[in-house]
Amino acid sequence: MIKPILLGAFCITQFSLAYAAEKPAITTQPLHLSNEVQPFQKVPKTVIIKTKKFKIRIDKQPNGKYLYQSWAANAKITSKPSMIISDGELIPDGSGGNYYFSFVNEGYSYQVWRNYLTDSASKAPYTLVVSDENDREVVRQDAVVVKQ
């Protein structure tokens, strides 16, 4: 007599769990859209790249900003940098995962683009673009990753 009762209770429990629907929690807080890159694109805390003329190291700082350091292409990265720019920003570009780091120094704009989605399979993974105070491009160099 006990076996049929236990079997019936077990079956009811299994059917109840199988047909239970989880209801989403209703939140009263507004949806916060982040200015970060999509979760599937991991932005490295440190990246070192090399162009024809420069070695560039970009580091994420504890305050969430980015630090730009550059050397001549043939210099050792352990030597003193020829340029240091702080307070850089990470700027998402579209919904495909591309982004760039943006820095400003003495009227010049330095952008280091991360090229995930491109129109060419041979496109370099990074591109350095430097513009003057009149937004004229003075440098554009593709870059390869030295360390990520």
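Located above this text is the structure these notes cover.
Scoring rules and cut-offs
Residues numbered from 1 in each chain as written. Predicted model: local features only at pLDDT ≥ 70, side-chain atom pairs only at ≥ 80, totals over all residues. Heavy atoms only, no water. Helix = DSSP H or I, 4+ residues; strand = E, 2+ residues; numbered from the N terminus. Buried < 20%, exposed > 50% of the residue type's maximum accessible area, 1.4 Å probe, protein only. Contact = heavy atoms within 4.5 Å. Areas by Shrake-Rupley, 256 points an atom, 1.4 Å probe, with all protein chains shown as cover. Core = buried A, V, L, I, M, F, W, Y, C linked by side-chain atoms within 4.5 Å. Salt bridge = Lys/Arg side-chain N within 4 Å of Asp/Glu carboxyl O. Phe/Tyr/Trp six-rings, centres within 6.5 Å; stacked < 30°, edge-to-face > 60°.

## Comments concerning the overall build of the protein
Of the regular secondary structure elements, the protein holds one helix and eight strands. Going residue by residue from the N terminus, the α and β elements of the protein occur as α-β-β-β-β-β-β-β-β. Counting over 148 residues, the protein shows a buried share of 31%. Sequence separation of at least 24 residues holds for 31% of the intrachain contacts in the protein that already meet a minimum separation of 6. Surface accessibility of the protein: about 10800 Å² in total, with carbon and sulfur atoms responsible for 56%.

## Concerning the nonpolar core
Counting 18 residues, the largest nonpolar core has Ile58, Tyr68, Phe101, Phe103 and Val112 as the members making the most contacts within it. Elements with a minimum of two residues in this core: strand 1 (46–50), strand 2 (54–60), strand 3 (66–72), strand 4 (83–92), strand 5 (99–105), strand 6 (108–114) and strand 7 (126–131).

## Describing the side chain of Ser70
Structurally, Ser70 can be placed in strand 3. The exposure class of Ser70 is buried, given its relative accessible area of 4%. Setting aside its immediate chain neighbours within four residues, Ser70 contacts Lys55, Ile56, Pro81, Ser82 and Met83.

## Section: the pattern of salt bridges
Evaluation of the coordinates by the stated rule reveals four salt bridges. Between Asp59 and Arg57 there is a salt bridge, with its nearest N and O atoms 2.8 Å apart. Exposure remark for Arg57: the relative accessible area of 28% places this residue in the partly exposed category. Across the salt bridge formed by Glu137 and Arg140, the nearest N and O atoms sit 3.0 Å from each other. What makes Arg140 exposed here is its relative accessible area of 52%.

## Some points on the packing of aromatic side chains
According to the stated counting rule, one finds five aromatic pairs in the structure shown. With a centroid separation of 5.2 Å and an interplanar angle of 55 degrees, the aromatic rings of Tyr68 and Phe103 are classed as tilted. Taken together, the residues Tyr68 in strand 3 and Phe103 in strand 5 connect sequence positions 35 residues apart. Side by side, Tyr68 and Phe103 carry an identical accessibility label, which is buried. Between the aromatic rings of Tyr68 and Tyr110, the centroid separation amounts to 5.6 Å while the plane-to-plane angle is 50 degrees, which identifies the pairing as tilted. Residue Tyr68 is found in strand 3, and its partner Tyr110 is found in strand 6; the two are separated by 42 residues along the sequence.

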